[in-house]
Amino acid sequence: MYLKSIEIHGFKSFANKIVFQFHNGITGIVGPNGSGKSNVADAVRWVLGEQRIKQLRGASMQDVIFSGTETRKPLSYAYVAITLDNSDHQLAIDYDEVTVARRIYRSGESEYLINGTPCRLKDVNELFYDTGIGKEGYSIIGQGQIDKILSGKPEERRELFDEAAGIVKFKRRKAAAQTKLENEKQNLVRVNDILSELE
Ligand code: ATP
């Protein structure tokens, strides 16, 4: 699996639609300060489901929409799509190519799409569990993040290793099963109460 392209339109400084194509080897994005290099990484984080606006260096989610310049009007929506080669089927989906997209309007309305089909944020999260790519993954190492990892809490460091070891989805499933079990136990207690009242 590898990243084939990123399409950005209306996200932060990218008023015009732009498509980054990635080929084999290493790709560098260079440019003067403030030209939008970090905005490309923000776009990838955002499309992967980042909900914490601070991580995207803004104050509200609408801040990711192109806000205009002296010569250009603001845009009404932001759109980002990443396309991954999935011919090795590392992503548990029956396609050799997977495009994940996210769109947000100034009204606050937003949507996620997987291969053009609207889906929930949960579906995007689940698609990337244990791949290192998800918003909590280690595929994007931001400025200062190494320091944060080294000086972070042991539990936070553990999460990173869990992701790399590919056990996050099992931990999530275990937690969901435990919650269900707990609910069933409570139901059982209630049933027993009713039964003893009737006896
Ligand atoms: P540096 O090399 O200094 O880290 P950079 O190339 O990474 O810079 P970014 O931080 O990606 O630059 O881009 C910052 C630019 O993006 C600023 O000029 C800022 O005005 C612009 N920008 C951020 N959000 C928006 C927005 N919503 N609408 C228009 N422009 C925006």
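From a predicted model like this one, the values you see are computed outputs, not experimental measurements.

### Regarding the confidence of the model for the protein
When pLDDT is low, close inspection of the predicted coordinates is not appropriate. For the protein, the average pLDDT comes to 91, and 99% of its residues sit at 70 or higher. Both scores are available for the predicted complex, with the pTM at 0.81 and the ipTM at 0.95.

### What about the site of the ligand?
Close to the ligand lie 15 residues; G34, K37, S38, N39 and S67 are nearest. For the ligand, an oxygen atom lies 3.3 Å from a polar atom in the side chain of N33. A distance of 3.1 Å separates an oxygen atom of the ligand from a polar atom in the backbone of G36. Taking 660 Å² as the accessible area of the ligand by itself, protein coverage stands at 68%. Grouping the amino acids of the shell around the ligand by side-chain chemistry returns three nonpolar, eight polar and four charged.

### Let's talk about unusual backbone geometry
In this structure, K12 is a non-glycine residue whose phi angle is positive, near 45°. The residue K12 is located in the loop between β1 (2-9) and β2 (18-21) in this model. One non-glycine residue with positive phi stands out, namely R57, at about 60°. Inspection of the secondary structure assignment puts R57 in the loop between α1 (37-47) and β3 (77-85).

Criteria and cut-off values
Residues numbered from 1 in each chain as written. Predicted model: local features only at pLDDT ≥ 70, side-chain atom pairs only at ≥ 80, totals over all residues. Heavy atoms only, no water. pLDDT = per-residue confidence, 0-100. Near = heavy atom within 4 Å. Polar contact = N/O pair within 3.5 Å; in protein donor to acceptor, adjacent residues only side chain to side chain. Areas by Shrake-Rupley, 256 points an atom, 1.4 Å probe, with all protein chains shown as cover. Nonpolar A, V, L, I, M, F, W, Y, C, P; charged D, E, K, R; others polar. Helix = DSSP H or I, 4+ residues; strand = E, 2+ residues; numbered from the N terminus.

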